[in-house]
Amino acid sequence: MRTISKQTDFIYMADTPVIYHCHHFNLFLDQTIDDALGVEAGTRLKVQVASTTAYQLLSNLVKASGAETVMERLELASTYFSGMGHGKLAITGNKEQGKAEGSYLHYGFTWSQKYGKRINRLNPADAFATGFSAAALEVAYDLEPGSLLATEHECIAQKVKNCHIDINKNPSQNNDYNIVTREDAEQSTSDAIEGQFEETVTNVAKGLTDFTAAVGGDEERGIVEAFGVYVTMHLSGYYNGISYQALNQCKDNPAILQALGELLKESGHVCVFNTFGGMLISAEWEGLVGKPTGDPNDLIAYLTAIGRALGFGKWCIKEFVAGEKFVLETSSTYENAYCNKYYKNQSHPSEYFVQGAALAFMVLIHKLDWTQPIDLTPELYDSLFKGGLGWKVEQTKGLSTNDEVTQVIVTKA
Amino acid sequence: MSENTSLPELVSGVNGILGLFLTAMPDCLLYDSWVNEDKSWSGEEVAIYFGDLIRSNREGLKALQAYSADMQVTIESTDVIVVLKEVRGDFVVGFVFDKSTPLGMIRLQVTKLLARILPTLPTIEVEKRTQGAKIMDYLDRYSPDSHAVINRLILQTGFSSEQLKNPDGFKQSEIEKLETAAKSILGVKELRL
């Protein structure tokens, strides 16, 4: 059911926009939303957006597969949930209530792996699985989206064995069904462009795309452990929905808005360091492409190719001068697919992820010694990204502000 | 502070010792250290955590109604044995031995070394630090994703980054807000500063 658009490099699962992101990014983004809105409002938003976007995915899957009975549809939901690397989720119930039992749920499990030894978790972590559970029952019984509301009561991140979610009738039926269809996404883009090292970028991206076609949650746990991270195929609508709705809710407070934008940009650093970096130093990469030698021209092409292969958009190298400047241009970004439909005519470009990612490219290329073994630890991340980065980024054009392309420029600070 | 003790001379001939750390309390600042040349430990980092360990231990024993001013913390791990001793209330001395060193020998060596270290320790005048500064230091030490802490605090408190970088200026009501955010970030009910 996975398809790739030749025009935009967007990835779709049963015509629902999806992208790949690692647990570092996923946890960091969810945490940022809670910081901005407060845990209660943040959780409410995340669960609601998860429910909406999962409803879209599951409806499309049901249509594509022809699943008719409640059992078939719930089985389909659980299968795809695990296949996309989100863990194991067993959902049961009727039109008015139900429950879901989760094990190895991506957010809770990886939170406990990453942070559990250092700090305690005061609230459950699996907003996505929670919203997904409600949507699964809604689709199973042909209910309207937003008819049901799920709440996670116990979470592995809070040091219990498994996760428990209750599903009930939604007391305040939420009729916001803000989704981005395949058509919406494809129409949010401009004519495809090409850039420097295009042949390398295209070939490497194709190889990676073919490789990721076989990647899915393992049978026992329903999670994907690869490149030193836990990877998910996730709903771009979830990321965009929570990010842009949080930005919208904070728009009247400039200082808060700026800090939120900075953290959304930082999420790009987190992703590039952990996922892109993890891919470059992996055995799989060595087999597919060859070990990076440290040549900056190779590295910029590889990193750009990874961005395309993960479904972020048709990123291109408009200009690259090692040690000086990087201009990333793209005719498609997964962020703008959402902005174009729900937040048109923005006053300033706001594709934060691509800003952070481009900056992180230059940091990785110039600050790491690729001829030596690299260990992508939190300490290394801090040494690279905490304090003076040595580089600065500016988004000069944006599809989100009706420009022909999105353009970010990274130069020395 | 007076001249540092000559730790290399002190540890010369002590079997099995891998590191010696003098931590000035209450702020867990490294005063002096010696580390075996085969080890790449960071003295500053070790000093912080040893100081906090002693503090937590003290609180734990108080909760058990078993606190004594004369206490020693011994930690055994796969590779090392760590002994921590609070001296005079203003220093923590941390000894790290190789795991193969007999415990009885360690206790003997610790007693001898402490007797020689104690007279050389200076008297510290503690600079009164504001609660705001202590909270920010604590977060810098213990928060995960420390690179993001300032922006996280801006979101949770509404304070500006200038205010957060100059925490001495916070009023009491602002301190309470800062503390609430710090507890939320660390997942704790109380900050042990």
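It should be noted that the structure appears before, not after, this text.
Residues numbered from 1 in each chain as written. Chains lettered and ligands numbered in written order. Predicted model: local features only at pLDDT ≥ 70, side-chain atom pairs only at ≥ 80, totals over all residues. Heavy atoms only, no water.

Chemist: So what exactly am I meant to see when it comes to the overall build of chain A here?
Modeler: When helices and strands are counted, chain A shows 14 helices and 13 strands. Relative to the 2.2 N^0.38 estimate, which gives 22 Å for 413 residues, the radius of gyration of chain A is 20 Å and therefore close to what a compact globule would have. In terms of principal-axis extent, the alpha carbons of chain A reach across some 60 × 45 × 45 Å. Residue burial in chain A is summarised as follows: out of 413 residues, 60% are buried. Considering only contacts in chain A between residues 6 or more positions apart, those separated by 24 or more positions represent 71%. As displayed, chain A has an accessible area near 16,300 Å², and 48% of this comes from carbon and sulfur atoms. In chain A, 33 side chains carry a positive charge and 50 a negative one; their mean positions are 2 Å apart. (Helix = DSSP H or I, 4+ residues; strand = E, 2+ residues; numbered from the N terminus. Rg over C-alpha atoms; globule rule 2.2 N^0.38 Å. Buried < 20%, exposed > 50% of the residue type's maximum accessible area, 1.4 Å probe, protein only. Contact = heavy atoms within 4.5 Å. Areas by Shrake-Rupley, 256 points an atom, 1.4 Å probe, with all protein chains shown as cover. Lys, Arg positive; Asp, Glu negative; His and termini not counted. Charge placed at Lys NZ, Arg CZ, Asp CG, Glu CD.)

Chemist: Explain empty space enclosed by the protein to me, please; I cannot follow it from the model alone.
Modeler: Remark: the empty space left among the atoms is shown by a probe the size of a water molecule rolled over them. Residue and element names in this part refer to chain A. Within the structure shown, the criterion is met by 6 cavities of 30 Å³ or more. Its boundaries defined by the atoms lining it, the largest cavity holds a volume of some 120 Å³. Along its surface, the largest cavity is lined by 18 residues, and Pro-17, Ser-236, Gly-237, Tyr-334 and Ala-337 are the ones closest to its centre. Of all the secondary structure elements, the ones that give two or more residues to the lining of the largest cavity are β3 (16–22), α2 (39–65), α8 (236–249) and α12 (334–342). Counting residues per element, the lining of the largest cavity draws most heavily on β3, at 4 residues. In the lining of the largest cavity, the residues fall into 11 nonpolar, 7 polar and no charged. In this model, the second largest cavity occupies a volume close to 100 Å³. Around the second largest cavity, the lining residues are Phe-25, Leu-29, Tyr-239, Asn-240, Ser-243, Tyr-244, Leu-264, Ser-267, Tyr-334, Glu-335, Tyr-352 and Phe-353. Take the lining of the second largest cavity: its biggest share by element is 4 residues, from α8. For the lining of the second largest cavity, the class distribution of residues is 8 nonpolar, 3 polar and 1 charged. (1 Å grid on protein atoms, 1.4 Å probe; cavity = no way out; pocket = protein on both sides within 12 Å on 5 of 7 lines; lining within 4 Å. Points joined across faces, edges and corners; volume = space filled by probe spheres on them. Nonpolar A, V, L, I, M, F, W, Y, C, P; charged D, E, K, R; others polar.)

Chemist: Hey, could you run me through the side chain of A:Gln407 in this one?
Modeler: Residue and element names in this part refer to chain A. Assignment of secondary structure puts Gln-407 in strand β13 (residues 406–412). Judged by its relative accessible area of 10%, Gln-407 falls in the buried class. Reaching out from Gln-407, the side chain makes a polar contact with the side chain of Glu-329 at a distance of 2.8 Å. There is a polar contact of 2.5 Å between the side chain of Gln-407 and the side chain of Thr-396. Contacts of Gln-407, omitting those with residues within four sequence positions, involve Val-327, Leu-328, Glu-329, Glu-394, Gln-395, Thr-396 and Lys-397. (Polar contact = N/O pair within 3.5 Å; in protein donor to acceptor, adjacent residues only side chain to side chain.)

Chemist: Teacher, can you tell me more about the packing of aromatic side chains here?
Modeler: To describe a pair of aromatic rings, you give the distance between the ring centres and the angle between the ring planes. All names here are of chain A. Tallying each qualifying case throughout the model produces 37 aromatic pairs over all chains. Judged by centre distance (5.2 Å) and plane angle (80°), the ring pair of Phe-25 and Tyr-239 falls under edge-to-face. Of this pair, Phe-25 sits in helix α1 (residues 23–37) while Tyr-239 sits in helix α8; the two residues are 214 residues apart in sequence, bridging distant segments of the chain. Using a relative accessible area of 2% as the deciding quantity, one classes Phe-25 as buried. (Phe/Tyr/Trp six-rings, centres within 6.5 Å; stacked < 30°, edge-to-face > 60°.)

Chemist: Looking at this structure, I do not really get the interface of chain A and chain B. What am I missing?
Modeler: Many authors give the size of an interface as the accessible area that is lost as the parts come together. Facing 21 residues of chain A, the contacting portion of chain B comprises 19 residues. Both sides of the chain A and chain B interface together cover about 1,800 Å² of buried area, and 57% of this is carbon and sulfur. For the pair chain A and chain B, the number of links is 1 salt bridge. The salt bridge involving A:Asp35 is made with B:Arg152; its shortest N-O contact spans 2.5 Å. The tally of links from chain A across to chain B stands at 8 residue pairs in polar contact (both at pLDDT 80 or more). Those elements that place two or more of their residues in the side of chain A that touches chain B are α1, α9 (254–280) and α14 (378–385) of chain A. A total of 7 residues in the side of chain A that touches chain B trace back to one element, the largest contributor, which is α9(A). Each residue belonging to the side of chain A that touches chain B can be placed in one class, and the counts come to 11 nonpolar, 3 polar and 7 charged. (Buried area = accessible area lost by both parts, 1.4 Å probe. Salt bridge = Lys/Arg side-chain N within 4 Å of Asp/Glu carboxyl O.)

Chemist: What am I meant to see in the environment of B:Asp52 here?
Modeler: Looking at the secondary structure, you find B:Asp52 in helix α2 (residues 43–63). For the pair B:Asp52 and B:Pro26, spaced 26 residues apart in the sequence, the C-alpha separation amounts to 9.1 Å.

Chemist: What am I meant to see in the packing of α8(A) against α12(A) here?
Modeler: A pair of packed helices is captured by two measures, namely the crossing angle of their axes and the spacing between those axes. Residues and elements named next belong to chain A. Interaxial distance between α8 and α12 falls to 9 Å at its minimum, and their mutual angle equals 60°. Overall, the two elements α8 and α12 adopt an arrangement that is oblique. In this structure, α8 crosses over α12, and the sense of that crossing is right-handed. On α12, the residues touching Ser-236, Tyr-239, Asn-240, Gly-241, Tyr-244 and Gln-245 of α8 are Tyr-334, Glu-335, Tyr-338 and Cys-339. (Axes fitted to C-alpha atoms, helices over the stretch in contact; angles between N-to-C directions. Parallel < 35°, antiparallel > 145°, perpendicular 65-115°, else oblique. Left-handed = near helix turned anticlockwise from the far one by under 90°.)

Chemist: Hey, could you run me through the sheet that holds strand β5 (residues 91–98) of chain B in this one?
Modeler: Across a sheet, strands are paired by hydrogen bonds formed along the backbone, either parallel or antiparallel in direction. All names here are of chain B. The sheet built from 5 strands is open, its strands ordered β2-β1-β5-β4-β3 with antiparallel pairing. Taken across any chain shown, the strands that pair with only one partner, and hence form the sheet edges, are β2 (29–35) and β3 (72–76). Pairs of neighbouring strands in the sheet enclose a mean axial angle of 15°, with direction left out of account. Bridging between strand β1 (residues 17–24) and β2 involves 6 bridges; their strand directions are antiparallel. Its bridge partner lying in β2, Gly-19 is registered against Val-35. Across the sheet, α2 touches β1, β2, β3, β4 (80–87) and β5, and the angle it forms with β4 is around 65°. Strands β1, β3, β4 and β5 of the sheet are contacted by helix α3 (residues 103–117), whose axis makes an angle of about 145° with β5. (Pairing = 2+ DSSP bridges.)

Chemist: Looking at this structure, how should I read the nonpolar core?
Modeler: Side chains of nonpolar character tend, in soluble globular proteins, to be buried together. A:Phe132, A:Tyr238, A:Phe276, A:Phe312, A:Trp315, A:Phe326 and B:Leu153 are the most contacted members of the largest nonpolar core, which has 161 residues in total. One finds B:Val14, B:Ile81, B:Val93 and B:Ile117 within the second-largest nonpolar core, a separate group that totals 24 residues. (Core = buried A, V, L, I, M, F, W, Y, C linked by side-chain atoms within 4.5 Å.)

Chemist: Explain the sheet that holds β3(A) here, please?
Modeler: Residues and elements named next belong to chain A. The 5 strands lie next to each other as β1-β2-β3-β9-β8, forming an open sheet whose pairing is antiparallel. Edge strands, defined here as strands with exactly one partner in the open sheet, are β1 (2–4) and β8 (224–226). The average undirected angle you get between the axes of adjacent strands in this sheet is 40°. Bridging between β1 and strand β2 (residues 11–13) involves 3 bridges; their strand directions are antiparallel. If you follow Ile-4 over to β2, its bridge partner there is Ile-11. Here α2 sits on the sheet and contacts β2, β3 and β9 (229–235); the angle it forms with β3, its principal contact strand, is near 120°.

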